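Descriptive structure summary
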Amino acid sequence: MGSEPDSFKKLGPEALVMFARGLAGLPPEEVRQLKRLYVKNTVTDLRAEIGHREAGFRAGCIHWLIPLFWPFAWAERSSISVAKRRGRELVANLREAWSEDLRGLELDLTFLDG
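My aim in this report is to walk through the structure given alongside it, one point at a time. The model shown is predicted, which means the values in this text are computed figures rather than measured ones.

**Some thoughts on the overall build of the protein chain**
The number of helices and strands found in the protein chain is five helices and zero strands. What you see in the protein chain, going N to C, is helices and strands ordered as α-α-α-α-α. Its C-alpha atoms give the protein chain a radius of gyration of 17 Å, clearly above 13 Å, the size a compact globule of 114 residues would have. With respect to the three principal axes, the spread of C-alpha positions in the protein chain is 60 × 25 × 20 Å.

As structure tokens, this is what we get:
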């Protein structure tokens, strides 16, 4: 699908290191709040990215009637599944790394199911 979407880049190691550097010197409670906000915003971005991909997949459903396009539909569906799995893994890694700061944070990740 080309380059990696920003919603995934935000959860990558480089982005997290830059974010952590920006937190240096802040009071612990502010750091905690900023981490929680970062995760919430990133999950919102992930939801939009997955929704966009799924909408594009559904919009192309007319092509499913033509066997020539079946491999492309299968590839797009596979891409969506991989994106969902990657999103789950990235959020789980973040929860593990920042477990103290994210304790009790409720996130709706149902869009990553399936």
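**Some thoughts on a nonpolar patch on the surface**
Taken together, I62, L65, I66 and L68 make up a surface patch of nonpolar side chains, about 440 Å² in accessible area. Take I66: it is sitting in the loop between α3 (28-59) and α4 (70-97).

**Quick look at α4**
Note: α-helices contain 3.6 residues per turn, so residues at a spacing of three or four share the same orientation. Counted at 1.5 Å a residue, the expected span for α4 with its 28 residues is 40 Å, and the 41 Å between its end C-alpha atoms agrees. When we look at burial in α4, the residues that qualify are A73, S79, I80, A83, K84, G87, L90, V91 and L94. Elements in contact with the buried residues of α4: α1 (6-9), α2 (13-23), α3 and α5 (99-102).

Cut-offs used in this document
Residues numbered from 1 in each chain as written. Predicted model: local features only at pLDDT ≥ 70, side-chain atom pairs only at ≥ 80, totals over all residues. Heavy atoms only, no water. Helix = DSSP H or I, 4+ residues; strand = E, 2+ residues; numbered from the N terminus. Rg over C-alpha atoms; globule rule 2.2 N^0.38 Å. Patch = residues over 30% accessible without salt bridge, like charges linked within 9 Å, V, L, I, M, F, W, Y side chains within 5 Å. Areas by Shrake-Rupley, 256 points an atom, 1.4 Å probe, with all protein chains shown as cover. Salt bridge = Lys/Arg side-chain N within 4 Å of Asp/Glu carboxyl O. Expected span 1.5 Å × (residues − 1). Buried < 20%, exposed > 50% of the residue type's maximum accessible area, 1.4 Å probe, protein only. Contact = heavy atoms within 4.5 Å.

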